[in-house]
Amino acid sequence: MAELSLSNIVKRYGAFEIIHGANLEVKDGEFVVFVGPSGCGKSTLLRMIAGLEDITGGELTIGGRLVNDVEPADRGIAMVFQSYALYPHLTVEENLSFGLRMNGNPKADTERRVRHVAEILQITELMKRRPKQLSGGQRQRVAIGRAIVREPQVFLFDEPLSNLDAELRVQMRVEISRLHKQLGTTMIYVTHDQTEAMTLADKIVVLRAGNIEQIGAPLDLYDDPANQFVAGFVGSPKMNFLKAEVAELQAGKATVVLSDDRAVRLTMPVSDPVVTSGTPITLGIRPEHFSEAGQGDADLTVAVDVAEHLGNTSYIYANLGGEQLIIERPESRSLGKTETLTVSLSAGRTFLFDAAGKRLR
Ligand SMILES: Nc1ncnc2c1ncn2[C@@H]1O[C@H](COP(=O)(O)OP(=O)(O)O)[C@@H](O)[C@H]1O
Ligand SMILES: [Mg+2]
């Protein structure tokens, strides 16, 4: 087991900079998830940690040792990819033992480790099969097993569940969580799926275009996003962003009105000196944070566009000044027959952002 430290890590391909100085501390035994949209640099960052990509600038330490120029095989890491990369002509057992055999590990120890891993992953009965005789989920389990037998100090996962169907993804997600509890090994996991990030991570690192936007525990990101990007990325369905402006500013309190319904006024404390009266801003509210009409600080009436009824909950897609709005209501089957819906907003459950997406507090 080991802790990791990234200090001002930069990656450039020629003149093109992909990672712009990443700083991150990963504690021993921590489960860290890198999340962000496709192309934001998650894999590049992970591959630099693995030693599969050169580090252009900055320092990477694993277990207190500077490893910038250490070979991948000598970093004490094991990596699991989206493509399982199993040897098709070898059995499950041979796939699991391959690396140890190549390293000349004692036979008895190799057999013991392979047996142990097969038990942990419940694949003992599959040992004589070849990869093509396995389901996608079983193959992914073998790929993970191949990483475990190496008994690494750090596991690195790059979108390991992307090739699985939705149901299996949920199941494997739970298994990976259980595995982390059981092994207690440091894990770094890359995904573009915010649900995976929220459910797996001790600590989430949100990336955008090669920059770390925020680092925090899943619910801290949900409750207290640093900016509009993180606010929109964490949570499902995503946060609504409504055009608004500051109507009044008095004694550290701002009164905000919605641009498309100026009768909707919310008053909240704002210490940010950037805000002045008349400033156009964005008001963020999560679909699940609307309440019953009359129960919040200001009521809003919208035209219902589409109502989705999931049994336990309903998603109402509504229209406000040409912008789509998603409202989550506890099971409300009759909705959709009505033309309009009135809900309530509370100042304490909304977020303010400036035109650049910076959070106003
Ligand atoms: N070998 C390379 N040469 C040039 N650009 C690359 C190379 N590999 C990745 N990139 C670019 O780096 C950026 C980040 O890629 P990547 O780390 O794969 O993103 P992610 O894993 O978040 O989807 C992308 O814009 C990609 O085009
Ligand atoms: Mg990637």
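As the structure is a computational prediction, the values presented were derived from the model and not from experiment. (Residues numbered from 1 in each chain as written. Chains lettered and ligands numbered in written order. Predicted model: local features only at pLDDT ≥ 70, side-chain atom pairs only at ≥ 80, totals over all residues. Heavy atoms only, no water.)

S.K.: I'd like a description of the sheet that holds strand S16 (residues 298-309), backed by residues and values.
M.R.: Ordered in space as S15-S19-S16-S17-S18, the five strands form an open sheet in which the pairing is antiparallel. The outermost strands of the open sheet, each flanked by one partner alone, are strand S15 (291-292) and strand S18 (323-330). Across six bridges, the pairing between S16 and strand S17 (residues 313-320) is antiparallel. Across the sheet, residue Ala303 finds its bridge partner in S17, namely Asn319. (Pairing = 2+ DSSP bridges. Helix = DSSP H or I, 4+ residues; strand = E, 2+ residues; numbered from the N terminus.)

S.K.: Now, about the pairing of S18: what can you tell me, with residues and values included?
M.R.: As defined by bridge partners, S17 adjoins S18 across eight bridges and the pair is classed as antiparallel. Residue pairing in the sheet places Ala318 in a bridge with Leu325 of S18.

S.K.: Kindly report on the site of ligand 1, identifying the contributing residues and their values.
M.R.: Taken together, Tyr13, Ile18, Pro37, Ser38, Gly39, Cys40, Gly41, Lys42, Ser43 and Thr44 make up all the residues around ligand 1. The backbone of Gly39 places a nitrogen or oxygen atom 2.7 Å from an oxygen atom of ligand 1. Between an oxygen atom of ligand 1 and a side-chain N or O atom of Lys42, the distance comes to 2.9 Å. Burial of ligand 1 by the protein amounts to 57% of the accessible area it has alone, namely 570 Å². Of the residues forming the shell around ligand 1, the biggest block, three residues, is contributed by helix H1 (residues 42-50). Split into classes, the residues belonging to the shell around ligand 1 amount to four nonpolar, five polar and one charged. (Near = heavy atom within 4 Å. Polar contact = N/O pair within 3.5 Å; in protein donor to acceptor, adjacent residues only side chain to side chain. Areas by Shrake-Rupley, 256 points an atom, 1.4 Å probe, with all protein chains shown as cover. Nonpolar A, V, L, I, M, F, W, Y, C, P; charged D, E, K, R; others polar.)

S.K.: How would you summarise the pairing of strand S2 (residues 16-26) if you had to cite specific residues and measurements?
M.R.: Relative to S2, strand S1 (residues 4-13) is paired through eight bridges, and the arrangement is antiparallel. Across the sheet, residue Lys11 finds its bridge partner in S2, namely Ile19. As consecutive antiparallel partners, S1 and S2 are separated by two residues, and within that stretch Gly14 has a phi angle of approximately 60°, a positive value.

S.K.: I'd like a rundown of the nonpolar core, residues and numbers included.
M.R.: Counting residues in each nonpolar core, the largest one holds 46 residues, and the members touching the most others are Val33, Ile123, Ile144 and Tyr189. Core analysis: the second largest hydrophobic core is formed by 31 residues, Leu242, Met268, Val270 and Leu283 among them. (Core = buried A, V, L, I, M, F, W, Y, C linked by side-chain atoms within 4.5 Å. Buried < 20%, exposed > 50% of the residue type's maximum accessible area, 1.4 Å probe, protein only.)

S.K.: Could you give an account of the environment of His20, naming the residues involved and the relevant values?
M.R.: The residue His20 is located in strand S2 in this model. Relative accessible area serves as the criterion here: at 33%, His20 is assigned to the partly exposed category. Distance in space between the C-alpha atoms of His20 and Val10 is 5.2 Å, their sequence separation being ten residues. Side-chain polar atoms of His20 contact the side chain of Glu17, separated by 2.8 Å.

S.K.: Go over unusual backbone geometry with me, naming the residues and quoting the values.
M.R.: In terms of backbone geometry, most residues other than glycine have negative phi values and most peptide bonds are trans. Here Ser236 and Pro237 are connected by a cis peptide whose omega angle stands at -10°. Tracing the chain through its elements places Pro237 in the loop between helix H8 (228-233) and strand S11 (240-250). One non-glycine residue, Gln122, lies in positive phi territory at about 55°. At Glu151, a residue that is not glycine, the phi angle is positive and equals roughly 45°.

S.K.: Describe in detail the pattern of salt bridges, supporting the description with residues and values.
M.R.: Counted according to the given criterion, the structure contains 16 salt bridges. Salt-bridge contacts for Glu17 lead to Arg12; the nearest nitrogen and oxygen are separated by 3.0 Å. Residue classification places Arg12 among the partly exposed residues on the basis of a relative accessible area of 38%. One salt bridge in this structure joins Arg265 and Glu248, with 3.4 Å as the shortest N-O distance. With Arg265 in strand S13 (residues 261-269) and Glu248 in strand S11, this residue pair connects regions lying 17 residues apart in the sequence. Given the relative accessible area of 40%, Arg265 is considered partly exposed. We classify Glu248 as partly exposed; its relative accessible area is 37%. Within the structure, one salt-bridge network assembled from shared partners comprises Asp109, Arg112, Arg113 and Glu151. (Salt bridge = Lys/Arg side-chain N within 4 Å of Asp/Glu carboxyl O.)

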